[in-house]
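# Coordinates in review
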Amino acid sequence: MMAYLKDHQFLSAFLFVLGSLTFAKFAVKTLAVLAQTFLLNGTSLKQFGAKKGSWAVITGASGGIGREFAIQLAKAGFNVLVASRSHHQLTETVAQIEAKCGSDVQTKIVTIDLANAHDDGFTRLAEACQGLDVGVLVNNAGKSHEMPTDFVDTPKHEMDDIVAINVSAVLRVTSIILPGMVQRKRGLVLNVGSFAGSIPSPMLATYSGSKAFLSTWSAALGEEVKSHGITVQHFNTYFVVSNMSKIRRSSALVPTPASYVRSCLSKIGLACGAAYTARPHTSTPFWSHALIDWAMGVVGWKSAFVGYTHGLHKSIRKRALKKKERDAKSQ
Ligand SMILES: NC(=O)c1ccc[n+]([C@@H]2O[C@H](COP(=O)([O-])OP(=O)(O)OC[C@H]3O[C@@H](n4cnc5c(N)ncnc54)[C@H](OP(=O)(O)O)[C@@H]3O)[C@@H](O)[C@H]2O)c1
């Protein structure tokens with residue numbers, strides 16, 4: 001082998017340079033992931049109007065991740081406008097904010113069905129935002145499939161609702177808020193995405209496609225508006241304890257909404273786990289999600305992940321159907 005390499009000095013030099021460059025690229029990108037996830041702080045929320053009378057608008061703030069965004073943004077010094085269908089649960093969100101922040105924070109509630117394009121909620125939302133200095137918009141409301149299901153068997157109303165809430169409503173809500181941000185030359189748009197948007201998820205095909213849209217749209221929009229002083233950040237989210245995930249207990253891989261949102265708000269402007277594959281305006285901020293994202297980038301074998309996800313969803317479906325059967329029998 002050595003004799004062969006001596007005879008082929010050019011080849012061995014080429015392989016050495018190639019190997020060194022590949023390793024350097026791996027090392028630099030891995031260090032970026034580790035530094036951004038574990039060491040660096042993101043842009044301060046003060047840059048977007050915290051403690052200056054600015055507002056944060058959060059969709060889907062009646063529970064789960066959205067409620068936590070509302071609470072933590074209020075604690076950070078924003079007035080908050082919360083929106084979703086359930087007025088009662090939104091009043092609970094507001095009560096929690098008042099209990100934690102006292103009368104320092106102003107609040108507004110807009111009840112809206114984001115699945116219904118004709119809902120006059122969009123008009124009411126626009127009216128409620130008129131004249132407000134909105135510093136932060138969190139496009140958080142989202143809908144997934146009731147359980148993993150092949151596309152051919154997906155009920156039409158379910159796929160329509162997913163596209164309406166996860167795609168069309170995000171566009172409509174953002175187009176209500178963004179012009180004011182452009183005028184003020186300041187704003188933060190946070191879009192809550194999913195790993196299902198970066199790894200195609202068989203049996204959740206419509207949800208997966210809707211979150212891929214969010215990722216691509218965020219990247220394009222982020223580039224457009226950055227010269228106006230507006231930051232767009234798309235969060236690549238793995239599992240979080242919530243009604244949607246149907247996971248009740250937190251673990252290292254599945255944070256509570258409170259821990260998850262804390263990581264999101266402390267990493268504004270940083271890609272964290274997404275730094276390895278450098279997707280523009282995407283961040284994977286929670287530490288264990290960041291490490292999964294990094295590992296997936298290193299392995300880089302997307303079709304294997306798609307196959308694994310398909311297997312996982314087949315078994316989740318089996319369990320979900322059994323549970324449905326048990327519930328039906330016990331009624
Ligand atoms: N939890 C996870 O593991 C996970 C993983 C990846 C991504 N995500 C994303 O995180 C976001 C928040 O999800 P979550 O886990 O916090 O779920 P969640 O607890 O079920 O919250 C979903 C929120 O969306 C609102 N919403 C649903 N349909 C709506 C409609 N038609 N009109 C208005 N609001 C509507 C709900 O409010 P109402 O019912 O009051 O309308 C609720 O506040 C979603 O975008 C989801 O895709 C979650």
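Residues numbered from 1 in each chain as written. Predicted model: local features only at pLDDT ≥ 70, side-chain atom pairs only at ≥ 80, totals over all residues. Heavy atoms only, no water.

As annotated in an unreviewed UniProt entry, the chain is Very-long-chain 3-oxoacyl-CoA reductase from Jaapia argillacea MUCL 33604. Comment text from UniProt for the chain, heading Pathway (unreviewed entry), reads "Lipid metabolism; fatty acid biosynthesis." The annotation that UniProt attaches to the chain under Catalytic activity (unreviewed entry) is "a very-long-chain (3R)-3-hydroxyacyl-CoA + NADP(+) = a very-long-chain 3-oxoacyl-CoA + NADPH + H(+)". (UniProt positions renumbered as here; feature names shortened; annotations may be inferred.)

## Examining the overall build of the chain
What the chain contains, in helices and strands, is 11 helices and seven strands. Computed over the C-alpha atoms, the radius of gyration of the chain is 22 Å, within 12% of the 20 Å expected from 2.2 N^0.38 for a compact globule of 331 residues. Here the C-alpha coordinates of the chain stretch approximately 80 × 55 × 35 Å along the principal axes. Partitioning the intrachain contacts of the chain with sequence separation of at least 6 by distance along the chain shows that 72% fall at a separation of at least 24. Per element, the accessible surface of the chain, about 16900 Å² overall, is 60% carbon and sulfur. Side-chain charges of the chain comprise 36 positive and 21 negative groups, with the mean position of each set lying 7 Å from the other. (Helix = DSSP H or I, 4+ residues; strand = E, 2+ residues; numbered from the N terminus. Rg over C-alpha atoms; globule rule 2.2 N^0.38 Å. Contact = heavy atoms within 4.5 Å. Areas by Shrake-Rupley, 256 points an atom, 1.4 Å probe, with all protein chains shown as cover. Lys, Arg positive; Asp, Glu negative; His and termini not counted. Charge placed at Lys NZ, Arg CZ, Asp CG, Glu CD.)

## Comments concerning the UniProt feature "active site" (unreviewed entry) in the chain
Within the UniProt annotation, "active site" (unreviewed entry) is assigned to Y207. Along the chain, the position of Y207 falls in helix 8 (residues 205-225). The class for Y207 is buried, based on a relative accessible area of 9%. For Y207, the contacting residues outside a window of four places in its chain are K143, S144, H145, I162, N166, S194, A196 and M244. (Buried < 20%, exposed > 50% of the residue type's maximum accessible area, 1.4 Å probe, protein only.)

## With respect to the pattern of salt bridges
Under the criterion given, the structure shown has nine salt bridges. A salt bridge links R67 to E92, with the shortest nitrogen-to-oxygen separation between them at 3.5 Å. Taken as a pair, R67 in helix 3 (residues 64-75) and E92 in helix 4 (residues 87-101) lie far apart in primary sequence, 25 residues in all. Among the residues examined, R67 registers a relative accessible area of 15% and is labelled buried. The partly exposed category is assigned to E92, whose relative accessible area is 35%. Across the pair D133 and R184 runs a salt bridge whose closest N-O atoms are separated by 3.2 Å. Remark: R184 occurs in helix 6 (residues 156-184) and D133 occurs in the loop between helix 5 (121-129) and strand 4 (134-139); sequence separation between them is 51 residues. Residues participating in the shared-partner salt-bridge network are D133, R184 and R186. (Salt bridge = Lys/Arg side-chain N within 4 Å of Asp/Glu carboxyl O.)

## A short note on helix 3
Here helix 3 is 12 residues long and its end C-alpha atoms lie 17 Å apart, about the 16 Å a rise of 1.5 Å per residue gives. For helix 3, a buried count of 10 out of 12 residues is recorded, marking the element as mostly surrounded by other parts of the structure. Three or more residues of helix 3 are buried, namely I65, G66, R67, E68, F69, A70, I71, Q72, L73 and A74. (Expected span 1.5 Å × (residues − 1).)

## Considerations on a nonpolar patch on the surface
A cluster of nonpolar side chains, contributed by L31, L34, F38, L39, L40, W287 and L291, occupies part of the molecular surface with about 680 Å² of accessible area. Of all the secondary structure elements, the ones that give two or more residues to the nonpolar patch are helix 2 (9-39) and helix 10 (287-299). The dominant element in the nonpolar patch, judged by the number of residues it contributes, is helix 2, at four residues. L34 sits in the partly exposed class, given a relative accessible area of 37%. (Patch = residues over 30% accessible without salt bridge, like charges linked within 9 Å, V, L, I, M, F, W, Y side chains within 5 Å.)

## Quick word on the site of the ligand
With respect to spatial proximity, 30 residues lie near the ligand, and among them S62, R85, N140, Y207 and S242 are the closest. Between an oxygen atom of the ligand and a side-chain N or O atom of S84, the distance comes to 2.8 Å. For the ligand, an oxygen atom lies 2.6 Å from a polar atom in the side chain of Y207. In the complex, the protein chains occlude 91% of the 880 Å² of accessible area that the ligand would expose alone. Secondary structure elements with two or more residues in the shell around the ligand: helix 3 and helix 8. (Near = heavy atom within 4 Å. Polar contact = N/O pair within 3.5 Å; in protein donor to acceptor, adjacent residues only side chain to side chain.)

## Some points on the layout of surface pockets
For the second largest pocket, the calculated volume is near 260 Å³. By residue class, the composition of the lining of the second largest pocket is four nonpolar, nine polar and three charged. (1 Å grid on protein atoms, 1.4 Å probe; cavity = no way out; pocket = protein on both sides within 12 Å on 5 of 7 lines; lining within 4 Å. Points joined across faces, edges and corners; volume = space filled by probe spheres on them. Nonpolar A, V, L, I, M, F, W, Y, C, P; charged D, E, K, R; others polar.)

## Focus on the sheet that holds strand 7 (residues 282-283)
The parallel open sheet is built from seven strands, whose spatial order is 3-2-1-4-5-6-7. The open sheet terminates on both sides in strands that have one partner only, identified here as strand 3 (107-111) and strand 7. With two bridges connecting them, strand 6 (residues 230-235) and strand 7 associate as parallel partners. If you follow F235 over to strand 7, its bridge partner there is S283. Here helix 5 sits on the sheet and contacts strand 1 (55-59), strand 2 (79-84) and strand 3; the angle it forms with strand 3, its principal contact strand, is near 165 degrees. (Pairing = 2+ DSSP bridges. Axes fitted to C-alpha atoms, helices over the stretch in contact; angles between N-to-C directions.)

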